[in-house]
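A look at the structure
Chain by chain, the residues run as shown.
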Amino acid sequence: MPGPYPKSPFRRKTVVSNRKPTEDVALGIRRRVFEHAMRNNGGYLSQACSAAEQLAWLYNEELNLGEPTLPMIPKPFAGVPSASNPEYHTGAGYNGPFEPQFDRLFIAPAHYALVAYATLIEVGRMAPEGLEMFNKDGSSVEMIGAEHSPGMEVHNGTLGIGLSTAAGLAYGRRLRGDTGRTWVFMSDGEVQEGQTWEAVQACAHHGIDSVYAIMDVNNQQCDGAMSSVMEVGDIRRKFIEFGAACVDVDGHDLGAIRDAVREPHAGKPLIILAHTNPFHTMPVLEERFPRLHYVRFKSEDERARFNHSIAADLGVEPIDYSH
Amino acid sequence: MIEMVSRPYAKAFESFAAGNPDILCLSADLTSSCEIDGFRDRHPDQFLSLGMAEQNMMSFAGGLALAGFRPFIHTFGVFMYRRPYDQLMASIAYPRRKVRMMGFLPGVTTPGGMTHQAIEDVSVMRSIPNMTILETGDATEVESICEAADSIDGPVWCRVLRGSVPRLFDTPIKVGEMRELASGEDVLIVTSGISTEEAMRARAALARVGVSFRHLHLHTIKPFDAQALLDHIGSVRHGVVTLENHVTEGGIGSLVAETMADAGVGKRLVRLGLKDTYAHGGSRGYLMRHYGLDALALVGGIEKLMGAKFDITEDDLAAARVDEVHSLVKAEAL
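Residues numbered from 1 in each chain as written. Chains lettered and ligands numbered in written order. Predicted model: local features only at pLDDT ≥ 70, side-chain atom pairs only at ≥ 80, totals over all residues. Heavy atoms only, no water.

Chain B is annotated in an unreviewed UniProt entry as Transketolase of Ponticoccus alexandrii.

**Quick notes on the overall build of chain B**
A count of helical and extended segments in chain B gives twelve helices and 14 strands. Whereas a compact globule of 334 residues would reach a radius of gyration of roughly 20 Å, chain B reaches 19 Å, a difference of no more than 12%. If one aligns the C-alpha atoms of chain B with their principal axes, the spans along those axes are about 60 × 45 × 35 Å. In chain B, 78% of the contacts between residues at least 6 apart in sequence involve partners at least 24 apart. For chain B, the exposed surface amounts to about 12000 Å²; the carbon and sulfur share of it is 51%. Positive and negative charge centroids in chain B, built from 33 and 42 side chains respectively, lie 2 Å apart. (Helix = DSSP H or I, 4+ residues; strand = E, 2+ residues; numbered from the N terminus. Rg over C-alpha atoms; globule rule 2.2 N^0.38 Å. Contact = heavy atoms within 4.5 Å. Areas by Shrake-Rupley, 256 points an atom, 1.4 Å probe, with all protein chains shown as cover. Lys, Arg positive; Asp, Glu negative; His and termini not counted. Charge placed at Lys NZ, Arg CZ, Asp CG, Glu CD.)

**Side note on the packing of helix H6 (residues 194–205) of chain A against helix H3 (residues 54–66) of chain B**
Two numbers describe a pair of packed helices, the interaxial angle and the distance between the axes. Close contact between H6 of chain A and H3 of chain B brings their axes to 8 Å; oriented N to C, the two are set at 65°. Here H3 of chain B runs roughly perpendicular to H6 of chain A, going by the angle between their axes. Read as a crossing pair, H6 of chain A and H3 of chain B show a hand that is right-handed. Between H6 of chain A and H3 of chain B, the contacting residues are Gln195, Glu198, Ala199 and Ala202 of chain A on the first element and Glu54, Gln55, Asn56, Ser59 and Phe60 of chain B on the second. (Axes fitted to C-alpha atoms, helices over the stretch in contact; angles between N-to-C directions. Parallel < 35°, antiparallel > 145°, perpendicular 65-115°, else oblique. Left-handed = near helix turned anticlockwise from the far one by under 90°.)

**Focus on the interface of chain B and chain A**
Tallying the contact residues gives 27 residues for chain B and 31 residues for chain A. With both sides pooled, the region where chain B packs onto chain A buries about 2200 Å², and carbon together with sulfur makes up 58% of that total. Put simply, chain B and chain A have two salt bridges between them. Among the salt bridges present, the one from Glu147 of chain A reaches Arg97 of chain B, with a minimum N-O distance of 3.8 Å. Across the contact surface, chain B and chain A share twelve residue pairs in polar contact (both at pLDDT 80 or more). Counting only elements with at least two residues in the side of chain B that touches chain A, the list comes to strand E3 (47–49), H3 and helix H5 (85–93) of chain B. Broken down by element, the residue count for the side of chain B that touches chain A peaks at eight residues, all from H3 of chain B. Its residues placed into classes, the side of chain B that touches chain A shows 13 nonpolar, nine polar and five charged. (Buried area = accessible area lost by both parts, 1.4 Å probe. Salt bridge = Lys/Arg side-chain N within 4 Å of Asp/Glu carboxyl O. Polar contact = N/O pair within 3.5 Å; in protein donor to acceptor, adjacent residues only side chain to side chain. Nonpolar A, V, L, I, M, F, W, Y, C, P; charged D, E, K, R; others polar.)

**Things to note about the confidence of the model for chain B**
Confidence in the prediction of chain B, expressed as mean pLDDT, is 95, and 96% of residues score 70 or more. This prediction of the complex comes with two scores: 0.93 for pTM and 0.92 for ipTM. (pLDDT = per-residue confidence, 0-100.)

**Overview of unusual backbone geometry**
Look at the link from Phe289 of chain A to Pro290 of chain A: it is a cis peptide, with omega at 5°. Tracing the sequence through the fold places Pro290 of chain A in the loop between strand E8 (270–275) and strand E9 (295–296).

**Details of the pairing of strand E14 (residues 268–274) of chain B**
When a strand is regular, its side chains alternate between the sheet's two faces. Residues and elements named next belong to chain B. Both strand E13 (residues 239–247) and E14 contribute to a ladder of six bridges, which runs parallel. Residue pairing in the sheet places Gly239 in a bridge with Arg268 of E14. For the crossover from E13 across helix H10 (residues 252–263) to E14, the handedness is right-handed. (Pairing = 2+ DSSP bridges. Right-handed = clockwise from strand over helix to strand, strands pointing away.)

**Quick word on the sheet that holds strand E3 (residues 182–187) of chain A**
Hydrogen bonds along the backbone pair up the strands of a sheet, which may run parallel or antiparallel. Residues and elements named next belong to chain A. With respect to topology, five strands assemble into an open sheet ordered E2-E3-E4-E8-E7, the strand pairing being parallel. Strands at the two margins of the open sheet, each flanked by one partner only, are strand E2 (104–107) and strand E7 (245–250). Within the sheet, the average angular offset between the axes of one strand and its neighbour, ignoring direction, is 20°. In this structure, E7 lies alongside E8, joined through six bridges in parallel fashion. Bridge pairing in E8 links Cys246 to Ile271. Across the sheet, helix H2 (residues 45–62) lies against E2, E3, strand E4 (211–217) and E8, angled at about 155° from E4, the strand it touches most. The strands touched by helix H5 (residues 161–176) within the sheet are E2, E3 and E4, with E3 carrying the most contacts at an inclination of about 170°.

**Quick word on the packing of aromatic side chains**
Counted by the stated rule, this structure contains 17 aromatic pairs over all chains. Centroid distance Tyr9 of chain B to Phe13 of chain B: 5.7 Å. Interplanar angle 15°. Geometry classified as stacked. In this pair, Tyr9 of chain B and Phe13 of chain B are both assigned in helix H1 (residues 8–17), four residues apart and thus about one turn of the helix distant. Note on accessibility: Tyr9 of chain B and Phe13 of chain B belong to one class, buried. Following the ring pairs from residue to residue traces out a cluster consisting of Tyr9, Phe13, Phe16, Phe39, Phe72 and Phe104 of chain B. In this structure, Arg176 of chain A is placed above the aromatic ring of Phe69 of chain B, and the distance from its NZ or CZ to the ring centre is 3.9 Å. Just above the ring of Tyr212 of chain A sits the side chain of Arg181 of chain A; from NZ or CZ to the centre is 5.0 Å. (Phe/Tyr/Trp six-rings, centres within 6.5 Å; stacked < 30°, edge-to-face > 60°. Buried < 20%, exposed > 50% of the residue type's maximum accessible area, 1.4 Å probe, protein only. Lys NZ or Arg CZ within 6 Å of the ring centre and 35° of its normal.)

**Some words on the pattern of salt bridges**
Residue and element names in this part refer to chain B. Within this structure, the stated rule accounts for 37 salt bridges over all chains. The closest approach of N and O atoms between Glu141 and Arg179, which form a salt bridge, is 2.7 Å. Residue Glu141 is found in helix H7 (residues 139–150), and its partner Arg179 is found in strand E9 (residues 178–183); the two are separated by 38 residues along the sequence. The salt bridge partner of Arg201 is Glu314, with a shortest N-O separation of 2.7 Å. On the criterion of sequence distance, the pair formed by Arg201 in helix H8 (residues 194–208) and Glu314 in the segment after helix H12 (295–306) is long-range, its members being 113 residues apart. A relative accessible area of 28% means that Glu314 is categorised as partly exposed. Residues joined by salt bridges that share partners form a network here, namely Glu198, Arg201, Arg289, Asp294 and Glu314.

**Looking at the sheet that holds strand E12 (residues 220–222) of chain B**
Residue and element names in this part refer to chain B. Read across the open sheet, the seven strands follow the order E3-E2-E4-E5-E7-E6-E12; overall the sheet is mixed. Looking at which strands have only one partner, the edges of the open sheet turn out to be E3 and E12. Within this sheet the neighbouring strands show an average axis-to-axis angle of 20°, counted without direction. Inspection of the sheet shows strand E6 (residues 132–135) paired to strand E7 (residues 156–160) by four bridges, in the parallel sense. Within E7, the position partnered with Ile133 by the bridge is Trp157. Sheet strands touched by H1: strand E2 (23–27), strand E4 (70–76), strand E5 (100–104) and E7. Its angle to E4, the strand with the most contacts, is close to 165°. Contacting E2, E3, E4 and E5, H3 crosses the sheet at an angle of about 165° to E4.

**A word on helix H8 (residues 235–242) of chain A**
For H8 of chain A, the N-terminal cap is Asp234 of chain A; the gap from its side-chain oxygen to the backbone nitrogen of Arg236 of chain A is 3.2 Å. Phi turns positive, to about 115°, at Gly243 of chain A, one or two residues after H8 of chain A.

**Some details on the environment of Gly292 of chain B**
All names here are of chain B. With respect to the element layout, Gly292 can be found in the loop between helix H11 (284–290) and H12. Separated by 65 residues in sequence, Gly292 and Gln227 have C-alpha atoms that sit 29 Å apart. Not counting chain neighbours up to four residues away, the residues in contact with Gly292 comprise Leu243, Leu272, Gly273 and Ala297.

Written out as structure tokens, the structure reads:
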């Protein structure tokens, strides 16, 4: 088993990572999402439960990123891309500059944005004030992460697009001789989209092995448990059949994730299936199963009860949301 | 006699792209059908087969553009937008990626019927912010489409003619301009693509019955020089007839109508094209006659506009060009 800070071949002198242990980053992500959900009477709580370790691991350990190029406090929405809008910029600057040696990351399920923003804060790439701007009119910190939102580089609001975009970028970067990898954070619901399989086929056919994906396999989608909405079967076997290298891990076990990324995959993309619990660290959420996509409290009583329960589990004081 | 040029795109694309490493040639299993098989064979390093998987191809192209490449996507136009519309929007149009979409077999230039006929692509593309739309009407425009498209800082939609293509013009596409092919004073005729050749077939017959017409050919549909069109409309007595290889809703007929309405122009307008209908499979000539897209239909449109009857018949029109459906140049076959 690797130690808590393994020497990955991709860890370099990236000054903004590893200020604290990845476990603490994951806990910090959940605390921030919890606080936000309490203050706003709801939010993407379950996604923080399932994905915190994955995003913490990516940003704190695995990704080789340069210093952010955008201000710690996000700028207001600067308009959509158009020939007449020179102010337009993507949110990729929070992941650092585009340079050949650096990795790139796409957050494919854009509704995980709240969790992704919390991650940026925990690893020192965005100021905590950024989360105050979440879903506020005129803000770039959008509820469904847009191209201009912190940490985002492309639109992924419809699922299935991320892996294809990564494949194209990775192919292009290979032609350019870049050494950086192209990462995708995915969700398991995306395997219902045919485009996901098209992308894997293309990677396999063209030997694109600089594409890496970690997928939050939490068996949840908007309508409920995936198995009840559209059974997808053995995802790992499917990925392998379509030409990817694919590893199953416990998505809350950082050691297992660290091991998985070392899986040999010459000529193939590597897909890490991180099997997770959608109420990990917040067991009270199970009461809302199977509707976990966006938890909006049904009553003040429920809100108060969840507040106390989750606060106790996360080791913080209940949130004062009265003002 | 009109010069016919065989497979003009094949030569044009290769001349333009070969040796320019930032240009990549993408194909979705229609490589020889889109005349890029020679390029594939001679320049494999710039060629990418992406299979029958257009959704992935559109986002993949967006990713390539993120890496600084300028992908030229080759497939039949209809396959480039109907299924992967969301990917086209999210991965190419919104972020203004320099992806050049080469849509072959526009409108009824295929016997493939509804599934193969891009009859509403111009309408769809016109409504997409950041999109540029070019359409080829002859071999010279096909020969210049790559350079014209690649001059655009953003995504470009191109309707490309293939196979045996007539040469009507001797100057390349100049993006944003329109061709003035006749300067008469009775009626303004506005055409694009293959309908331009139809209007040219009607020219002599109309002149014989005393109709003086002004004829504009549009190779650039978006962006569009509205004032130039208005100036031409102001120069004719009766009004405007549009003819297009497309449904009249959202195509160049709509473009002219909108331009006139926005400017408060009170002249008459007759829009010819597919009228709220799908077509079916058949030869180009048959389909153009059946759906009212040919020179005779144009004469009828001018009669309607002017409230006149010219007694022009098919025999009075310049000879229709007859493609050899089973020829080596694959005039209309898939």
